[in-house]
Amino acid sequence: MSETPYFKHHVFFCMNTRDDGRESCGPRGAEQAQKHAKKRCKQLDINGAGGVRINQAGCLDRCEHGPVLVVYPEGTWYTYVDNSDIDEIIDSHLVGGQPVERLKIK
């Protein structure tokens, strides 16, 4: 068994839509943001084995900070507003190895 992880980074976008009226990530642009991230990673040729995997996730239980995504293996949580925030996370964290402090949530 290899010590090297299959993906360098695994990114999960919360896509949850709550039925009880509480804030949730789905209605706040999560699907569009996830698709943008997936397309951008393909354009940069950083997707796939040894690179980055962009996934959809059900509720990550952080919707009050949403929309949210989490980057593993670091376990870094982010919020975002638009594609420029997603691009900054990709460029700085996924490519450059530097988390984006202004978008991090605790």
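A brief look at the structure comes next. Everything numeric here is computed off the predicted structure, so don't read it as measured data.

Okay, the pattern of salt bridges next. Under the criterion given, the structure shown has nine salt bridges. The residue D20 makes a salt bridge to R22 at a minimum N-O spacing of 2.7 Å. Between R102 and E88 there is a salt bridge whose closest N-O contact spans 2.7 Å. Residue R102 is located in the loop between helix 2 (83-95) and strand 5 (104-105), and its partner E88 is located in helix 2; the two are separated by 14 residues in the primary sequence. For R102, a relative accessible area of 54% gives the class exposed. On the basis of relative accessibility, which here comes to 29%, the residue E88 falls in the partly exposed class.

The next point concerns the packing of helix 1 (residues 30-43) against helix 2. Between helix 1 and helix 2, the shortest axis-to-axis distance is 10 Å and the interhelical angle comes to 40 degrees. Between helix 1 and helix 2, the crossing angle belongs to the class labelled oblique. Crossing geometry of helix 1 relative to helix 2 is assigned as right-handed. On helix 2, the residues that touch Q32, A33, H36, A37, R40 and C41 of helix 1 are N83, I86, D87, I90, D91 and L94. A class-by-class count of the residues in the contact of helix 1 with helix 2 yields six nonpolar, three polar and three charged.

Counted by the stated rule, this structure contains three aromatic pairs. Where Y6 meets F7, the ring centres are 4.9 Å apart and the plane angle is 80 degrees; that geometry is what we call edge-to-face. Looking at Y6, the relative accessible area reads 58%, which means it is exposed. With centroids separated by 5.8 Å and ring planes inclined at 65 degrees, the aromatic side chains of F13 and Y80 adopt a geometry described as edge-to-face. Residue F13 is found in strand 1 (residues 9-14), and its partner Y80 is found in the loop between strand 4 (76-79) and helix 2; the two are separated by 67 residues along the sequence.

For the structure shown, the criterion picks out zero disulfides. For the unlinked cysteine C14, the closest cysteine sulfur is that of C25, found at 3.6 Å. Taking relative accessible area as the criterion, C14 reaches 0% and is therefore assigned buried. C14 provides the cysteine sulfur closest to C41, a residue in no disulfide bond, and the two sulfurs are 19 Å apart. C41 sits in the buried class, given a relative accessible area of 1%.

Thresholds applied
- Residues numbered from 1 in each chain as written.
- Predicted model: local features only at pLDDT ≥ 70, side-chain atom pairs only at ≥ 80, totals over all residues.
- Heavy atoms only, no water.
- Salt bridge = Lys/Arg side-chain N within 4 Å of Asp/Glu carboxyl O.
- Helix = DSSP H or I, 4+ residues; strand = E, 2+ residues; numbered from the N terminus.
- Buried < 20%, exposed > 50% of the residue type's maximum accessible area, 1.4 Å probe, protein only.
- Axes fitted to C-alpha atoms, helices over the stretch in contact; angles between N-to-C directions.
- Parallel < 35°, antiparallel > 145°, perpendicular 65-115°, else oblique.
- Left-handed = near helix turned anticlockwise from the far one by under 90°.
- Contact = heavy atoms within 4.5 Å.
- Nonpolar A, V, L, I, M, F, W, Y, C, P; charged D, E, K, R; others polar.
- Phe/Tyr/Trp six-rings, centres within 6.5 Å; stacked < 30°, edge-to-face > 60°.
- Disulfide = S-S within 2.5 Å.

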